[in-house]
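Architecture and fold: a report
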Amino acid sequence: MIYDVAIIGAGPAGLSAGVYASRAKLSTVIIEKMFPGGQAAITDKIENYPGFAEGIGGEELTDNIKYQAEKFGADFINGDVDKIEKLDNKFIIHMQEEKLEAKTVILAMGAEPRQIGVKGETEFVGRGVSYCATCDGAFYTDKPIVMVGGGDTAIEEAMYLTRFASSIHVIHRRDELRATKILQERALKNDKIKFIWDSVVEQIKGEDAVEEVVVKNVKTGELSSVFVDGIFVAIGYTPKTDFVKNLVKLDNQGYIITDDHMKTGIPGLFAAGDLRQKSLRQVVTAVSDGAIAAVEAGRYIEEQ
Ligand code: NAP
């Protein structure tokens, strides 16, 4: 069988593309290597998705979109795509164990958390170093931790972690947060959160697990230590575009360059969501990208 639309990635962009494609009666498959929902599914609460005035759990929201896509007939398969080839008017999608064919492909693999790149970071992943507050927060009940970063993710996750941790030091490389004002105000008012400004992590130390985070003041060069059980890192994301880097045009940070129609430049190949070069990466813009990509995929098939 050859699918009309193959969507790689089941985050909000891929799931939304799945809803639009399957509802338009295009045979649709969504391939995901981990769990559906992407980064949004591990977000405790989404407060700015229009229509949910009291906020909605990220997992609940993405589960609903998945259900909606299934209801209209989209197929879901587990698979780790490592290569996409275009042959004549179709695409061959290679996974480790199998391959499938589609007339169009929507790339929606999203992005993954960026690493700090210091000594001890990789060594202590799962033993005190974490990139996901909702996944690992409960391990730090009544324990001191640090959060690295000053953006929306770092501040939102630091607020979430106050439910568990005894104290949270937020280490930020400047003296001003990047996070939106409403989050800043909440965090600055929270007694459990303290800020270490103008500073970066120099090294993560411990015996079997994290015990100490060495911090460097970027203005004075002075080194100091915070003694903690955990370090959460939220310093942005890297797009998961490695296996398409020879196929589509990427910007210098690895994001896929598309036009407003989500077209990558290769006929029939579209990109949607956080892996795309764009000015706002949110669930609301991801689902919008997915919808546009699916409609454009349908138009492309009709034109063929
Ligand atoms: P981000 O906005 O790119 O912020 C990354 C933070 O990490 C910045 O404060 C940055 O410092 C710092 N940083 C970057 N590289 C660093 C390094 N090597 N060492 C130390 N610090 C470093 O990333 P994000 O917070 O993950 O957010 C990603 C996107 O998702 C944004 O568009 C954000 O608005 C969105 N988001 C929105 C919400 C929401 O609306 N509720 C929630 C989560 C995420 P500088 O500030 O100095 O650059």
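Coordinates for the structure precede this section.
In what follows, the accompanying structure is described. All values derive from a computational prediction rather than experimental measurement. (Residues numbered from 1 in each chain as written. Predicted model: local features only at pLDDT ≥ 70, side-chain atom pairs only at ≥ 80, totals over all residues. Heavy atoms only, no water.)

1. Some details on the sheet that holds strand β9 (residues 144–148)
The 5 strands lie next to each other as β8-β15-β9-β10-β11, forming an open sheet whose pairing is parallel. Among the strands making up the open sheet, the edge pair consists of β8 (129–130) and β11 (193–196). Pairing between strand β10 (residues 167–171) and β11: 4 bridges, direction parallel. Looking at β11, one finds that I171 is bridged to I196. The strands touched by helix α5 (residues 152–161) within the sheet are β9, β10, β11 and β15 (230–233), with β9 carrying the most contacts at an inclination of about 165 degrees. (Pairing = 2+ DSSP bridges. Helix = DSSP H or I, 4+ residues; strand = E, 2+ residues; numbered from the N terminus. Contact = heavy atoms within 4.5 Å. Axes fitted to C-alpha atoms, helices over the stretch in contact; angles between N-to-C directions.)

2. Let's talk about the packing of aromatic side chains
Taken as a whole, this structure holds 4 aromatic pairs when the rule is applied. Here the aromatic rings of Y160 and F164 are separated by 5.5 Å at their centres, their planes lie at 65 degrees, and the arrangement is edge-to-face. Both rings, one in F195 and one in W197, keep their centres 4.7 Å apart while their planes meet at 10 degrees; by these two values the pair is stacked. For F195, a relative accessible area of 17% gives the class buried. According to the relative accessible area criterion, W197 is partly exposed, its value standing at 29%. The ring centre of F76 lies 4.8 Å from the NZ or CZ of K66, which sits over that ring. The ring of F72 carries the charged tip of K71 above its face, separated from the ring centre by 5.2 Å. (Phe/Tyr/Trp six-rings, centres within 6.5 Å; stacked < 30°, edge-to-face > 60°. Buried < 20%, exposed > 50% of the residue type's maximum accessible area, 1.4 Å probe, protein only. Lys NZ or Arg CZ within 6 Å of the ring centre and 35° of its normal.)

3. Some words on the packing of helix α1 (residues 12–23) against helix α3 (residues 58–71)
For the pair α1 and α3, the least separation of the axes is 8 Å and the interaxial angle reads 25 degrees. When the axes of α1 and α3 are compared, the pair comes out roughly parallel. Like other packed secondary-structure pairs, α1 and α3 cross with a definite hand, here left-handed. Contacts from P12, L15, S16, G18, V19 and S22 of α1 reach α3 at T62, I65, K66, Q68 and A69. Residue composition of the contact of α1 with α3, by class: 5 nonpolar, 5 polar and 1 charged. (Parallel < 35°, antiparallel > 145°, perpendicular 65-115°, else oblique. Left-handed = near helix turned anticlockwise from the far one by under 90°. Nonpolar A, V, L, I, M, F, W, Y, C, P; charged D, E, K, R; others polar.)

4. Overview of the layout of surface pockets
Taken as a whole, the second largest pocket spans an internal volume of roughly 200 Å³. Along the wall of the second largest pocket there are 13 residues; nearest its centre are Y49, L61, I65, Q68 and V287. Secondary-structure elements contributing two or more residues to the lining of the second largest pocket are α1, α3 and α7 (283–303). Of all the elements, α3 adds the most residues to the lining of the second largest pocket, at 5 residues. Broken down by class, the residue content of the lining of the second largest pocket amounts to 9 nonpolar, 3 polar and 1 charged. (1 Å grid on protein atoms, 1.4 Å probe; cavity = no way out; pocket = protein on both sides within 12 Å on 5 of 7 lines; lining within 4 Å. Points joined across faces, edges and corners; volume = space filled by probe spheres on them.)

5. Thoughts on the site of the ligand
Taken together, 18 residues lie around the ligand, and N48, D152, T153, R174 and R178 are the ones closest in. The separation between an oxygen atom of the ligand and a polar main-chain atom of G150 is 3.0 Å. Burial of the ligand by the protein chains amounts to 76% of its free accessible area of 910 Å². Sort the elements by how many residues they give to the shell around the ligand and α5 lands first, with 3 residues. Class assignment of the residues belonging to the shell around the ligand gives a composition of 3 nonpolar, 8 polar and 7 charged. (Near = heavy atom within 4 Å. Polar contact = N/O pair within 3.5 Å; in protein donor to acceptor, adjacent residues only side chain to side chain. Areas by Shrake-Rupley, 256 points an atom, 1.4 Å probe, with all protein chains shown as cover.)

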